[in-house]
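Understanding the architecture of this molecule
Each chain is listed here by its residues.
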Amino acid sequence: MLAAGSMASEAAAPAVRPAPRVVAAVALVGLSGAWNGGNVGPVASEIGAEFDVSLAAVGLLSGTIFMGATVVGLLFAAQIGDRTGLLRGLRLACLVLALGNAIFALSPAFAGLAFARILPGLAFALVNVLGGVYARQAGGVRLIGVFGAAIQLGIAGALVVGSLLVDADVDWRVGFAISALLGALAFVTLPRTETPGSALPKRRPGFLRAALSHARVWRLSLLFVAIYGVPLTLSAWMVEYLVRDGDVTTSVAGVLSFLLFALAAAMRLTGAQLQQRGAGHLALAATLGFSALGLLLFAVDPDMPLALLAVIAMGVGFAIPYATMMSEAQDLFPDAPSEPLALMTLAALIPPIFAIPLVGQALDDGNGGAAMLALAAFLVVATLLNLRRSGIPLTPPQPATDAQRP
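Residues numbered from 1 in each chain as written. Predicted model: local features only at pLDDT ≥ 70, side-chain atom pairs only at ≥ 80, totals over all residues. Heavy atoms only, no water.

1. Structural notes on the overall build of the protein
Filter applied, for reference: What counts as a helix is a DSSP run of H or I of at least four residues, what counts as a strand is a run of E of at least two, and both are numbered from the N terminus. Summary of the burial criterion: residues with accessible area below 20% of their type's maximum are buried, those above 50% are exposed, and those between are partly exposed, where the area comes from a 1.4 Å probe applied to protein chains only. Should any heavy atoms of two residues lie within 4.5 Å, those residues are counted as being in contact. Residue burial considers only the protein chains on display, and all accessible areas are found by Shrake-Rupley using a 1.4 Å probe.
Within the protein, the regular secondary structure consists of 16 helices and 0 strands. Split into buried and exposed, the 406 residues of the protein put 54% on the buried side. For the protein, restricting intrachain contacts to residue pairs at least 6 apart in sequence, the fraction spanning at least 24 positions comes to 86%. Accessible surface computed for the protein: about 16600 Å², of which carbon and sulfur atoms make up 70%.

Given below as structure tokens:
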């Protein structure tokens, strides 16, 4: 029997299995967007040397400019989706991804690189919001799991491919040509016509006003920060922390970082399957506590084998609640499901802009363990506050008109 509250999620799932092309398109859209979260880091030294800039300046490309553009894009993602529709909005995102990376690969000036990073940041906002809505409406929670797994694999893949290219003495620009090709491939894979049941519902105003007055919206926003924001913060400093405070080599730390994202990708699929099979909200949300346990292990002893156990715990904890989080966010406002997704993704990406430099300063000051404990404490709070289901409509859904019915 389905747990209480999951009926709304299942009602939105299509009755038929999505076509293989739809599954491939959702996976490629998520992967090509998230790829940009990891494609600068492996070649930071090469870019700095070619343009005679510091690693801090290169860090602006990989983090501040990209994430800042994503935050700005999230402010308008729902409105863009309303105007274009889901598939046209996603095709626009893919084109912008390809264009931005092509400019990055060809630019002869560092200023050109800075401009180029704005484009994938804006596109990634569309990917997160419209891709999440399209995945759920075209394939239910299982396709949400595919989408979430692809995002994790995109970051992991960019880190691995970039590192291999550096070791093979391949020009760093080749990596960004690959990034551009991934965006183009996602574009041509997307279906040309809307999948039955995947049309964006007609927008009804009032979400933001309703959202600000309901505590469950704030609770669910904390879950988004925990599942999106904390891993982003951790990924920026995980290798550095393990090398500085643990007794591991840089290569081992890199492998552990890849393992974290790869395991999270697999576990997002598992979480979607568990939800589809009737697992209740409490069981799925409570697994976030494993990520707090992993960070606690990191803080106590970042050496092997505890570091490996910590990665496994975090890979499970950050991933299992993903599908229920995405479904419940859309359930908050069924008449415009992209709006709560945009708001909560925005809420999740703002904290890392400030947390990343703070954790870096803590590492410089020899307080890396304390920073891990602080992140673990936040995850405990987010877990406890989300043991109750939040995905209850804020306002009564608007009856479908004849034009809106399939």
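2. Focus: the side chain of S221
In this structure, S221 sits in helix α9 (residues 215–245). Residues in contact with S221, not counting those within four places in the same chain, are M344 and A347.

3. Things to note about the packing of aromatic side chains
In this description, an aromatic ring pair is defined by two values, namely the gap between the centres and the angle between the planes. For the record, the criterion: Note on aromatic contacts: the rings of Phe and Tyr and the six-membered ring of Trp form a pair at centre separations within 6.5 Å, being stacked when their planes are under 30 degrees apart, edge-to-face when over 60 apart, and tilted otherwise.
All told, the structure shown has 8 aromatic pairs when counted by the stated rule. Ring geometry for Y228 and Y322: centres 6.3 Å apart, planes at 70°, overall edge-to-face. Of this pair, Y228 sits in helix α9 while Y322 is found in helix α14 (residues 322–331), placing the two residues 94 residues apart along the sequence. Given the relative accessible area of 9%, Y228 is considered buried. Judged by its relative accessible area of 0%, Y322 falls in the buried class. Taken together, F51, F104, F110, W172 and F176 form an aromatic cluster joined through their ring pairs.

4. Topic: the pattern of salt bridges
Basically, it comes down to this: By salt bridge we mean one thing: a side-chain nitrogen of Lys or Arg within 4 Å of a carboxyl oxygen of Asp or Glu.
The tally for this structure, following the rule as stated, stands at 1 salt bridge. Note that E50 and R173 form a salt bridge whose closest N and O atoms lie 2.8 Å from each other. Separated by 123 residues along the polypeptide, E50 in helix α3 (residues 44–51) and R173 in helix α7 (residues 172–189) bring together distant segments of the chain. Given a relative accessible area of 41%, E50 falls into the partly exposed group.

5. Some points on the nonpolar core
Threshold: Here, nonpolar core means buried Ala, Val, Leu, Ile, Met, Phe, Trp, Tyr and Cys residues that are tied together by side-chain atoms lying within 4.5 Å of each other.
F224, L234, L295, F298, Y322, M325 and M326 are the most contacted members of the largest nonpolar core, which totals 87 residues. No other element matches helix α6 (residues 110–167), which puts 18 residues into this core. Apart from residues no more than four positions distant in its own chain, F298 is found in contact with L234, M238, Y241, L242, A307, A310, V311, M314 and M372. V43, F51, A105 and F176 belong to the second-largest nonpolar core, a separate cluster that totals 13 residues.

6. A few points about the packing of α3 against α6
Between two packed helices, the angle of one axis relative to the other and the distance separating the axes together describe the packing. We apply this condition: Helix axes use the C-alpha atoms of the stretch in contact, all axes being lines fitted to C-alpha atoms, and the angles between their N-to-C directions lie in the range 0 to 180 degrees. Under the scheme applied here, ten amino acids are nonpolar (Ala, Val, Leu, Ile, Met, Phe, Trp, Tyr, Cys and Pro), four are charged (Asp, Glu, Lys and Arg), and all others, including Gly, are polar.
Here α3 crosses α6 at 145°, and the two axes come no closer than 4 Å. Residue-level inspection shows E46, I47 and F51 of α3 in contact with α6, the latter providing F110, L113 and V166. Taken together, the residues that form the contact of α3 with α6 break down as 5 nonpolar, no polar and 1 charged.

7. A few points about unusual backbone geometry
Its identity as a non-glycine residue notwithstanding, D52 has a phi of 55°, on the positive side. Even without a glycine there, the phi angle at D169 is positive, about 60°. Tracing the chain through its elements places D169 in the loop between α6 and α7.

8. Some thoughts on a nonpolar patch on the surface
Convention followed: Residues qualify for a patch when their relative accessible area is over 30% and they have no salt bridge, like charges being joined within 9 Å and the nonpolar side chains of Val, Leu, Ile, Met, Phe, Trp and Tyr within 5 Å.
Together, V72, L75, F76, F115, I118 and L122 give the surface a local cluster of nonpolar side chains, amounting to about 520 Å² of exposed area. By secondary structure assignment, the location of F115 is in helix α6.

9. Points about the side chain of N128
By secondary structure assignment, the location of N128 is in helix α6. Apart from the residues lying within four places of it in its own chain, the contact partners of N128 are F147, I151, Y228 and T345.

10. Quick notes on helix α16 (residues 368–385)
Owing to its 3.6 residues per turn, the α-helix brings residues three or four apart onto one side. What counts is decided by this rule: Expected span of a helix: the number of residues minus one, times 1.5 Å. Think of it as the arc spanned by the lines of direction from the helix axis to the C-beta atoms.
Relative to the 26 Å expected for 18 residues at 1.5 Å per residue, α16 spans 26 Å between its end C-alpha atoms, a close match to the ideal helical length. Those residues of α16 lying buried are G368, G369, A371, M372, L375, A376, L379, A382 and T383. Seen from one end, α16 has its buried residues packed into an arc of 160°, which puts them on one side.

11. Regarding the environment of P231
Structurally, P231 is set in helix α9. With 144 residues separating them in the primary sequence, P231 and L375 have C-alpha atoms 10.0 Å apart. Excluding residues within four positions of it along the chain, P231 makes contact with A226, F261 and F318.

12. Describing the confidence of the model for the protein
Applicable threshold: Each residue gets a pLDDT score, which is the predictor's confidence in that residue and runs from 0 to 100.
Across the protein, the average pLDDT comes to 78, with 83% of residues at or above 70. Note that residues 1–15 has pLDDT below 50 and, in this model, 31 contacts with residues that lie over four places away or in other chains. Scored below 50 in pLDDT, residues 400–406 shows 3 contacts in the model against residues more than four places distant or in partner chains.

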